[in-house]
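Take a look at the letters that make up each chain.
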Amino acid sequence: MATLVLDNGAYTAKIGYSQEKVSVIPNCQFRSKTSRLKTFTANQLDEIKDPSGLFYILPFQKGYLVNWDVQRKVWDHLFGKEMFKIDVCSLMNTNHF
């Protein structure tokens, strides 16, 4: 059984299975300054051709978690269908915790 490890830092999140390569991704969201106001989460920044029109939405300020909504969206992205495909609800119903 592989163990998934998350090091949730204020600027980056490091995530990966034990004994495998670790992914280092930004722990934030990016929002477009244009009229479309599209939001990108974590490593979705790689999809953007011109990042100059973006601003950061950070979950941490001065080392403290102050924006839980952004942090939750980053975690949903990390554990969701786009990255590690973890069903947290089913894990909580077992004796893993």
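Keep in mind the model is a prediction, meaning the values are calculated, not measured.

Colleague: It is not clear to me how the sheet that holds strand 2 (residues 12-17) should be interpreted in this structure. Could you clarify?
Modeller: Two orientations exist for strands paired in a sheet by backbone hydrogen bonds: parallel and antiparallel. The antiparallel open sheet is built from three strands, whose spatial order is 1-2-3. On the outer flanks of this sheet lie strand 1 (4-8) and strand 3 (23-26), each paired with one strand and no other. Averaged over all neighbouring strand pairs, the angle between strand axes comes to 20 degrees, with direction disregarded. Here helix 1 (residues 68-79) sits on the sheet in contact with strand 1, strand 2 and strand 3, set at roughly 155 degrees to strand 1.

Colleague: Explain the pairing of strand 1 to me, please; I cannot follow it from the model alone.
Modeller: The side chains of a regular strand alternate, residue by residue, between the two faces of the sheet. As paired strands, strand 1 and strand 2 are joined by five bridges and run antiparallel to one another. Bridging across to strand 2, Val5 finds its partner in Gly16. A loop of three residues connects strand 1 with strand 2, the two strands running antiparallel in sequence.

Colleague: Quick question: what am I supposed to make of the side chain of Gln44 here?
Modeller: As for its placement among the helices and strands, Gln44 is situated in the loop between strand 5 (39-41) and strand 6 (54-57). On the basis of relative accessibility, which here comes to 14%, the residue Gln44 falls in the buried class. A distance of 2.8 Å separates a polar side-chain atom of Gln44 from the backbone nitrogen of Thr41. Dropping the residues within four chain positions of it, Gln44 is found in contact with Thr39, His77 and Glu82.

What counts and how
Residues numbered from 1 in each chain as written. Predicted model: local features only at pLDDT ≥ 70, side-chain atom pairs only at ≥ 80, totals over all residues. Heavy atoms only, no water. Pairing = 2+ DSSP bridges. Helix = DSSP H or I, 4+ residues; strand = E, 2+ residues; numbered from the N terminus. Axes fitted to C-alpha atoms, helices over the stretch in contact; angles between N-to-C directions. Contact = heavy atoms within 4.5 Å. Buried < 20%, exposed > 50% of the residue type's maximum accessible area, 1.4 Å probe, protein only. Polar contact = N/O pair within 3.5 Å; in protein donor to acceptor, adjacent residues only side chain to side chain.

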